[in-house]
Amino acid sequence: MLVVKNLTKRFGGFTALESINISIGAGERIGLIGPNGSGKSTLVNCISGVLPVSDGSVHFDGDNITHLPPHRRTQLGIGRTFQIPKPFESMSTLQNVCIPLEYAARYGNHGEALPDRAQQILADLDLRSKADLLPEGLTQIDLRKLELARAIAIRPKLLIADEVMAGLAGAEIDEVLGLLQRLGKSGIAIIMIEHIMHAVMEFSERMIVLNTGKVIADGAPDDVINDAIVEQVYLGE
Ligand code: ADP
Ligand code: MG
C-alpha cells in the first residue's frame, strides 16, 4: 500500500534521511524506532506531505504521491498525528473532531450524520465526557487521544502515530496501546513511532529501525531487537 523509494531529505547541507526504502502492506502494524534525531518525524513529514522530499518518491495504493500536497494525501487515506499535539485551541474537543469530519464528508462522502459520528469517535477514544472542554482544559493523555481522534476521523487506510505515548505514565501507556491495537484490528495499517520499547514490541508485527537517517533493520520484532547493530545503536559498544 505504501512504498517509499530511495527517499532522501536534506536540510541545507545536512542529510536527515538518506535513500530510505520501505514498503508497508494494507493493515500492517509497523513499529518505527530509532534514537532521537534519527529522522523518524522527518520521514512521517515526507510521507504525509508536510515536507517536500529532496530525492526519491512516495507511492500510495499504486499512485505516485511524491508531489501531492498534504490535504490530497489525507483524502487518499493517510492520517497522521503530530509529535506535539496541534488542536485548534479555541475549539472544544467535539468541534476539533468535527473539522476533519466535515472535511472528509465534503470529499469522501461517507454519508453519515456528522455530530453522531463525532460523538462516536469520542466514545471510541473514551473522550465523551471531555466533549465540551477546550484543549487547555485537557490532560496530557486526553490531548494525545484527541490527536488520534482527529487523525482517525478521516477514516485513514494508513495511520501514522508519532510518539503518542510520550510523557505518559504506566496505566496511560496501556490505555493508548489498547486503543492502537483496537484500531489495528479494524484493518487500518498503522505506523507507530515510539520509544517505549515494551509497548512498541507488543504492538508491532514488524519493526523498522532508523539511525542517522538510514534504515538499519527491518523485520520481526524479536529479530530486530536481537540484531547486533541495533543493540550497538541503543546500548553502545
Ligand atoms: P526523530 O523524530 O527521529 O527524533 P527528526 O526527524 O525530528 O528525528 O530529526 C532528524 C534530524 O533532522 C535531526 O538532526 C533534526 O535536528 C533535523 N531536522 C528536523 N527537522 C528539521 C528542520 N525543519 N530543519 C532543519 N533540521 C531539521
Ligand atoms: Mg520525532
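Our structure is the block above this text.
Caption draft 1: Region of interest: the overall build of the chain. Helix and strand counts for the chain stand at 9 helices and 10 strands. Relative to the compact-globule value of 18 Å for 237 residues, the chain shows a C-alpha radius of gyration of 18 Å, a close match. For the chain, the spread of C-alpha atoms along the three principal axes comes to 50 × 40 × 35 Å. Counting across all 237 residues of the chain, residues that qualify as buried make up 48%. The long-range fraction of contacts in the chain, counting pairs at least 24 apart against all pairs at least 6 apart in sequence, stands at 65%. Within the structure as shown, the chain displays about 10,800 Å² of accessible surface, and the carbon and sulfur contribution to it stands at 51%. Taking the average place of the 22 positive charges on the side chains of the chain and the average place of its 29 negative ones, the gap between the two points comes to 7 Å.

Caption draft 2: Geometry of the pattern of salt bridges. Summed over the entire model, instances satisfying the criterion amount to 6 salt bridges. Close ionic contact of lysine 157 with aspartate 61 constitutes a salt bridge, the shortest N to O distance being 2.5 Å. Remark: aspartate 61 occurs in the loop between strand S4 (55-60) and strand S5 (63-64) and lysine 157 occurs in the loop between helix H5 (140-152) and strand S7 (158-162); sequence separation between them is 96 residues. In this structure, the salt-bridge partner of aspartate 218 is arginine 206, at a minimum N-O distance of 2.8 Å. You can see aspartate 218 sitting in strand S10 (residues 214-219) and its partner arginine 206 sitting in strand S9 (residues 206-211), a full 12 residues away along the chain. When its relative accessible area of 38% is taken as the criterion, aspartate 218 is described as partly exposed. One salt-bridge network, in which partners are shared between bridges, spans Glu28, Arg206 and Asp218.

Caption draft 3: View of the side chain of glutamate 194. Along the chain, glutamate 194 turns up in the loop between strand S8 (189-193) and helix H7 (197-203). Arginine 144 provides the closest opposite charge to the buried, salt-bridge-free glutamate 194, at an N-O distance of 7.4 Å. Within the local environment of glutamate 194, its side chain forms a polar contact with the backbone nitrogen of methionine 165, the two atoms lying 3.3 Å apart. Beyond its immediate chain neighbours, meaning those up to four positions away, glutamate 194 contacts Leu32, Ile33, Glu163, Val164, Met165, Ala166 and Val200.

Caption draft 4: Examining the coordination of the magnesium ion (ligand 2) more closely. Every protein donor of the magnesium ion (ligand 2) is listed here as Ser41 (OG) and Gln83 (OE1), and their distances to the metal cover 2.1 to 2.3 Å. Of the two residues, serine 41 is situated in helix H1 (residues 40-48) and glutamine 83 in the loop between strand S6 (78-80) and helix H3 (93-108); the sequence distance between them amounts to 42 residues. On the basis of relative accessible area, glutamine 83 is assigned to the partly exposed category, the value being 32%.

What counts and how
Residues numbered from 1 in each chain as written. Chains lettered and ligands numbered in written order. Predicted model: local features only at pLDDT ≥ 70, side-chain atom pairs only at ≥ 80, totals over all residues. Heavy atoms only, no water. Helix = DSSP H or I, 4+ residues; strand = E, 2+ residues; numbered from the N terminus. Rg over C-alpha atoms; globule rule 2.2 N^0.38 Å. Buried < 20%, exposed > 50% of the residue type's maximum accessible area, 1.4 Å probe, protein only. Contact = heavy atoms within 4.5 Å. Areas by Shrake-Rupley, 256 points an atom, 1.4 Å probe, with all protein chains shown as cover. Lys, Arg positive; Asp, Glu negative; His and termini not counted. Charge placed at Lys NZ, Arg CZ, Asp CG, Glu CD. Salt bridge = Lys/Arg side-chain N within 4 Å of Asp/Glu carboxyl O. Polar contact = N/O pair within 3.5 Å; in protein donor to acceptor, adjacent residues only side chain to side chain. Donors = N, O, S within 2.8 Å, 3.2 Å for Na, K, Ca; no water.

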